[in-house]
Amino acid sequence: MDTAPLPDADSPAGKGKALVDDTAAAIRARILSGEIPIGAQLRQVELAELLGVSRTPVREALRQLQAGGLIEVLPNRGAVVRVPAPWEVREAYEIRAELEGLACVRAVHAVTPDVLRELREANETVRAVSSGVRDAGGGPAPGAGSSPATSPNASPSTSANDCFHTLIHTVAGNRRLARAIKDVNEAFPRNVSALVLQDNPRHREDNIREHERIVEALAAEDAEWARSEMKAHVISAGEQLARWYEQRSATVFRG
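Each chain has its residues counted from 1, following the order in which its sequence is written. Only residues with pLDDT of at least 70 get local features here, since the model is predicted, and only at 80 or more are side-chain atom pairs given and counted; chain-wide, interface and lining totals rely on the full set of residues. The basis for every side-chain value is the complete set of non-hydrogen atoms in the structure, without hydrogens or water.

So, on to the pattern of salt bridges. Just to be clear on terms, a salt bridge is a Lys or Arg side-chain nitrogen sitting within 4 Å of an Asp or Glu carboxyl oxygen. The tally for this structure, following the rule as stated, stands at 18 salt bridges. One salt bridge in this structure joins arginine 63 and glutamate 60, with 2.7 Å as the shortest N-O distance. Here arginine 63 and its partner glutamate 60 are both found in helix 3 (residues 55-67), 3 residues apart, which amounts to about one turn of the helix. The salt bridge partner of arginine 90 is glutamate 239, with a shortest N-O separation of 2.9 Å. One end of the pair, arginine 90, is in helix 4 (residues 86-107); the other, glutamate 239, is in helix 10 (residues 223-246), and 149 residues separate them in sequence. Judged by its relative accessible area of 28%, arginine 90 is partly exposed. Several salt bridges converge on common partners, so that one network encompasses Arg90, Glu239, Arg243 and Glu246. Runs of H or I in DSSP of at least four residues are treated as helices and runs of E of at least two as strands, each being numbered from the N terminus. For each residue, the accessible area found with a 1.4 Å probe, counting protein chains only, is set against the maximum for its type, and the residue is called buried under 20%, exposed over 50%, and partly exposed in between.

In structure tokens, the structure reads:
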């Protein structure tokens, strides 16, 4: 079967595709961090000025993001950041629970005392931020380290929470698995997860205790316990997120 050759990276077509991909990544990062909120209109002229590019790569980038389900085109409004349906959240988190459970199984015999210490420190950062000990503004949480899955504009709680999970993914030692988990996470704006924790003190405490049980299971080198705790943790997070969307009608976001 004949296939069309891929454009050379140095050719005009290759450079154009790279620019579109970079533009899409920049817009995606702003949506996932909440800088561009759910329901916001995505105006090509404004985005082009913001990103320092012409309207052509912006237009193609928006098509790319629409195909990925992150944005949608509405009558009389144009492109907007899409409001996820609760059932989409539940389905995605069901998949994420299985993937993160597998990451725990793979990580359980590779976890070192240093890794366990880092996991506990990340969870203590989540606890401190949730208690209002640290500034709740943007930017990485102090002591949380950097995570490739976290936007530079992420809230401290999101940064610390991502650090906890990403550390387990790294120790699991399977790049495809880590990428699959990252893809699920990037299906929804991450700042909403921080809002869910912010709005629900009980869920915040449950989240911290669930992390503690995951660390205990990893320390005990009990793969099935670790898998079970992680799956329950992710399913709970997904349910809270789905309920958050259910409690807010589309008119709240779209006007």
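Having put the structure on the table, let's press on.
We call a set of buried residues a nonpolar core when its members are Ala, Val, Leu, Ile, Met, Phe, Trp, Tyr or Cys and they connect through side-chain atoms within 4.5 Å of each other. Residues Leu119, Ile168, Leu218 and Tyr245 are the most contacted members of the largest nonpolar core, which totals 40 residues. Elements supplying a minimum of two residues to this core: helix 4, helix 5 (113-130), helix 6 (156-172), helix 7 (175-185), helix 8 (190-199), helix 9 (201-219) and helix 10. Core analysis: the next-biggest nonpolar cluster, separate from the first, contains 18 residues, Ile27, Ile31, Leu32 and Leu47 among them.

A pocket here means an open set of points on a 1 Å grid, computed over the protein atoms alone, that has protein on both sides within 12 Å along at least five of seven lines. A cavity is instead a set of points where a 1.4 Å probe fits but cannot get out; residues with an atom within 4 Å of a point line either one. Grid points are joined across faces, edges and corners, and a volume is the space filled by probe spheres set on the points. Counted by the stated rule, this structure contains 2 cavities of 30 Å³ or more. Lining the largest cavity we find 17 residues, and of these Asn161, Ser193, Leu197, Asn207 and Ala237 sit closest to its centre. Elements with a contribution of two residues or more to the lining of the largest cavity: helix 4, helix 6, helix 8, helix 9 and helix 10. Ranked by residues supplied to the lining of the largest cavity, first place goes to helix 8 with 5 residues.

All right, on to the pairing of strand 2 (residues 78-81) then. Should DSSP find at least two bridges between two strands, the strands are taken to pair. Pairing between strand 1 (residues 71-74) and strand 2: 4 bridges, direction antiparallel. If you follow isoleucine 71 over to strand 2, its bridge partner there is valine 81. Counting the residues in the hairpin turn of strand 1 and strand 2 gives 3 residues, including asparagine 76, whose phi is positive at 65°.

Below, the discussion takes up the confidence of the model for the protein chain. Mean pLDDT for the protein chain: 84, with 81% of residues reaching 70 or above. Ranking the elements of the protein chain by mean pLDDT puts helix 11 (residues 250-254) last with 46 and helix 4 first with 97. A residue's pLDDT is the confidence the predictor assigns to it, expressed on a 0 to 100 scale. Contacts are assigned to residue pairs that have any heavy atoms within 4.5 Å of one another. Low pLDDT, under 50, characterises residues 250-255; the stretch is placed with 10 contacts to residues that sit more than four places away or in other chains.

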